[in-house]
Amino acid sequence: MSIILDHVNYIYEEDTTMAYPALTDVNLVIPDGQFIGLIGHTGSGKSTLVQHLNGLLKPTSGAIYYNGADINDEGYDKKLLRSKVGLVFQYPEHQLFEVDVFSDVCFGPKNLGLDKKEIQLRAYAALKQVGIADEYFYQSPFDLSGGQKRRVAIAGVLAMKPEVLILDEPTAGLDPKGRDEILDQIAKLREETGMTVILVSHSMEDVAKYVDRLIVMNKSRVVFDDTPAAVFAHYEELEQIGLAAPQITYIMQALREKGLSVDTGITTVTEAKEAILKALRG
Amino acid sequence: MGIIKTKDLIFEYIRRDEEGNVEGITRAVDNVSLKIEQGDFVAVLGHNGSGKSTLAKHLNAILYPTEGTVWVDGKDTSDDDKLWEIRQTAGMVFQNPDNQIIGQVVEEDVGFGPENLGVPTKEIWERVEESLKAVGMYEFRKHSPNKLSGGQKQRVSIAGVIAMHPKCIVLDEPTAMLDPKGRKEVIRAVRALNDVERITVILITHYMEEIIYADKVFVMDNGTVAMEGTPREIFSQVEKLKELRLDVPQVTLLAHELKQGGLDLPDGILTKEELVDALMKLKK
Ligand SMILES: Nc1ncnc2c1ncn2[C@@H]1O[C@H](COP(=O)(O)OP(=O)(O)O)[C@@H](O)[C@H]1O
Ligand SMILES: Nc1ncnc2c1ncn2[C@@H]1O[C@H](COP(=O)(O)OP(=O)(O)O)[C@@H](O)[C@H]1O
Ligand SMILES: [Mg+2]
Ligand SMILES: [Mg+2]
């Protein structure tokens, strides 16, 4: 089971003078269960790409297969697809609208036509999964903190029991603890459920810490697709396209230049600590 | 007296129902007394909801104290007659690059502020030029703002503020929505304003690395100032910052972890260079 993108192109406002290619010849295979990071400068096409995966946007040319079926075939059940490939938009809290938190999370499963009992069970489970305590269930979503709102919005997607969870910059604007909490919860969820997670992020440190595959976009094209360590080894090219390596990688390079024998492919604090202690103690 | 001073500042948001009865009160700023010196680069940290934006909005009279007083360049912000002087003294830049620019062309947008102040046309153009140069956006002066990247848009917003010749600029999470390059561009521009033009900078951010060069850091928690000091003093307190839902720069965190792992390193290492030097000393 997988998602396959086959020569996908997408042009905004095709056939006008404003025509703008946002995806150019994108080819990807996304097997079940991977934790994938998607990075790229603003405007590189990340949001456009993820909106293709759940059928919100239709390629100008090329095809997208979900579990072997072309999602843009006539008669393909897009509604079901959207529940299987759950997309949490950028700033999803702007889309909270129900009178209380619990109703808001019920909205998705209700739309799937499930019975009332099942809807409520799912909403309850989803709110627990994102760490929202019972006392908030009947509060207005507008009275929650930024981080809590974000988590309620994520719960709304989780309540549809997606097989693939896509998060478009889920931590933008959150305080450091809020960032860690959300990403830790997603990592834990993925371990428990085995679902595929695609994380769009501007934080090199976050993707280095969490994902096992990193896709890099530049000007509508996929330019790297590899493990984070392998991608970040191209830090000079990344800098040219508006990105960077994690801060830790630069420290390792500087130490190496001064003659300390450490691996310059290291990207996280934990790995760096181990390597430096080992190098110094021999 | 500093460029900004607050004394026993309290601000409460009051929620009312349809009949106007008070439904709830949130005390967002709770007894804050602080002073910011002219020319300083000041950072404000704090978890979501700690009161940073509410405090910031007092500094150019978007909000007025519920209790206490705020002075900007010696002027009490609750003095209505001084409103425009205060807004001109302390300019503000917000988070979202997409809703701060109104002009169709970059230079036109930057000119709006001085135009509203009644600055003569010739001087407006001089100010537009110097402001765009100060943020490294002069070559884009004829461009349409919608075609710019997030970092470029934010720098145009900053130019729009400095064209009003403020003594002080308040930036409320200006980099939160930007990619790494955009963040770097904005921070570089802000530091240059402070170093070269000596404009007082008040930067609110969740990115710890952005403020290691600040002269002073205030950390807010539940409406109060919980910590105050130089970046080195603040970032030496890793555990305390974590309790306040914050973090330290990755360099500092690595140094802290290595210290806990038994290495003899000083507290509050802030830059890559400091860490590398300290480690190489240990190697010998
Ligand atoms: N609705 C739209 N109409 C026209 N152009 C768009 C639209 N949405 C996005 N674009 C353009 O497509 C490009 C890719 O955008 P997007 O996928 O949002 O990038 P990212 O998420 O990487 O920042 C950008 O240049 C953007 O301006
Ligand atoms: N317009 C508003 N109405 C009511 N409460 C608000 C409003 N804006 C902020 N608050 C509340 O005031 C507190 C401080 O918010 P804010 O100053 O925005 O914090 P920060 O900028 O540090 O995230 C929070 O509890 C927040 O929910
Ligand atoms: Mg996007
Ligand atoms: Mg704020």
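Rules and cut-offs
Residues numbered from 1 in each chain as written. Chains lettered and ligands numbered in written order. Predicted model: local features only at pLDDT ≥ 70, side-chain atom pairs only at ≥ 80, totals over all residues. Heavy atoms only, no water. Near = heavy atom within 4 Å. Polar contact = N/O pair within 3.5 Å; in protein donor to acceptor, adjacent residues only side chain to side chain. Areas by Shrake-Rupley, 256 points an atom, 1.4 Å probe, with all protein chains shown as cover. Helix = DSSP H or I, 4+ residues; strand = E, 2+ residues; numbered from the N terminus. Nonpolar A, V, L, I, M, F, W, Y, C, P; charged D, E, K, R; others polar. Pairing = 2+ DSSP bridges. Salt bridge = Lys/Arg side-chain N within 4 Å of Asp/Glu carboxyl O. Buried < 20%, exposed > 50% of the residue type's maximum accessible area, 1.4 Å probe, protein only. pLDDT = per-residue confidence, 0-100. 1 Å grid on protein atoms, 1.4 Å probe; cavity = no way out; pocket = protein on both sides within 12 Å on 5 of 7 lines; lining within 4 Å. Points joined across faces, edges and corners; volume = space filled by probe spheres on them. Axes fitted to C-alpha atoms, helices over the stretch in contact; angles between N-to-C directions. Parallel < 35°, antiparallel > 145°, perpendicular 65-115°, else oblique. Left-handed = near helix turned anticlockwise from the far one by under 90°. Contact = heavy atoms within 4.5 Å.

(A) Just the site of ligand 2, in detail. Residue and element names in this part refer to chain B. The immediate surroundings of ligand 2 are formed by Tyr13, Thr26, Ala28, His47, Asn48, Gly49, Ser50, Gly51, Lys52, Ser53 and Thr54. Within the side chain of Tyr13, one N or O atom sits 3.5 Å away from a nitrogen atom of ligand 2. Gly49 places a polar main-chain atom, nitrogen or oxygen, 2.7 Å from an oxygen atom of ligand 2. If ligand 2 stood free it would expose 560 Å²; the protein chains cover 60% of that surface. Elements with a contribution of two residues or more to the shell around ligand 2: strand S2 (22-36) and helix H1 (52-58). Considering each element in turn, the shell around ligand 2 owes the most residues, three residues, to H1. For the shell around ligand 2, the class distribution of residues is two nonpolar, eight polar and one charged.

(B) Local environment of the site of ligand 1. All names here are of chain A. In the vicinity of ligand 1, the residues found are Tyr12, Glu13, Tyr20, Ala22, His41, Thr42, Gly43, Ser44, Gly45, Lys46, Ser47 and Thr48. The side chain of Tyr12 places a nitrogen or oxygen atom 3.3 Å from a nitrogen atom of ligand 1. Look at ligand 1: alone it shows 560 Å² of surface, and the protein chains cover 65% of it. Those elements that place two or more of their residues in the shell around ligand 1 are strand S2 (20-31) and helix H1 (46-53). The greatest single-element share of the shell around ligand 1, amounting to three residues, is contributed by H1.

(C) Inspection of the sheet that holds S2 of chain B at higher detail. All names here are of chain B. Reading across from one edge, S2-S1-S4-S5 is the order of the four strands in this open sheet, with antiparallel pairing throughout. Looking at which strands have only one partner, the edges of the open sheet turn out to be S2 and strand S5 (75-76). The pairing of strand S1 (residues 4-16) with S2 spans 11 bridges and is antiparallel. Pairing of Phe11 across the sheet is with Val29, part of S2.

(D) Highlighting the pattern of salt bridges. Throughout the structure, instances matching the rule amount to 29 salt bridges over all chains. With a closest N to O distance of 3.0 Å, Glu228 of chain B and Lys216 of chain B form a salt bridge. Of this pair, Glu228 of chain B sits in strand S10 (residues 224-229) while Lys216 of chain B sits in strand S9 (residues 216-221), and the two are 12 residues apart along the sequence. A relative accessible area of 23% places Lys216 of chain B in the partly exposed class. Sharing partners across several salt bridges, the network here consists of Arg151, Asp175, Lys177 and Glu181 of chain A together with Arg245 of chain B.

(E) Structural detail: unusual backbone geometry. All names here are of chain A. At Asp15, a position not held by glycine, the phi torsion is positive, near 65 degrees. Within the secondary structure, Asp15 is located in the loop between strand S1 (2-12) and S2. Since its relative accessible area comes to 75%, Asp15 is described here as exposed. Positive phi is not limited to glycine here, since Lys161 has a value of about 50 degrees.

(F) Looking closely at the confidence of the model for chain B. Here chain B shows a mean pLDDT of 93. Residues at 70 or above account for 100%. Reported for the predicted complex are a pTM of 0.92 and an ipTM of 0.88.

(G) Representation of empty space enclosed by the protein in the model. Counted under the stated rule, the structure contains five cavities of 30 Å³ or more. Of the pockets and cavities examined, the largest cavity occupies roughly 170 Å³. What lines the largest cavity is a set of 20 residues, and nearest its centre among them are Thr171, Ala172 and Gly173 of chain A together with Ala176 and Tyr207 of chain B. Considering only residue class, the lining of the largest cavity consists of eight nonpolar, eight polar and four charged. In this structure, the second largest cavity spans a volume of roughly 70 Å³. Residue lining of the second largest cavity: Phe235, Ser236, Val238, Thr252, Ala255, His256, Lys259, Pro266, Asp267, Gly268 and Ile269 of chain B, and that is the complete set. When residues in the lining of the second largest cavity are grouped by element, the largest group, four residues, is from helix H9 (residues 250-260) of chain B. Tallied by class, the residues present in the lining of the second largest cavity amount to five nonpolar, four polar and two charged.

(H) Fine view of the packing of helix H4 (residues 116-129) of chain A against helix H5 (residues 146-158) of chain A. Residues and elements named next belong to chain A. Running from N to C, H4 and H5 cross one another at 135 degrees; their axes reach a closest spacing of 8 Å. Comparing their axes, H5 and H4 come out oblique. Every pair of crossing elements has a handedness; the one defined by H4 and H5 is right-handed. Of H5, the residues touching H4 (which contributes Ala126, Leu127 and Gln129) are Val152, Ala155 and Leu158. A breakdown of the residues in the contact of H4 with H5 according to their chemical character gives five nonpolar, one polar and no charged.

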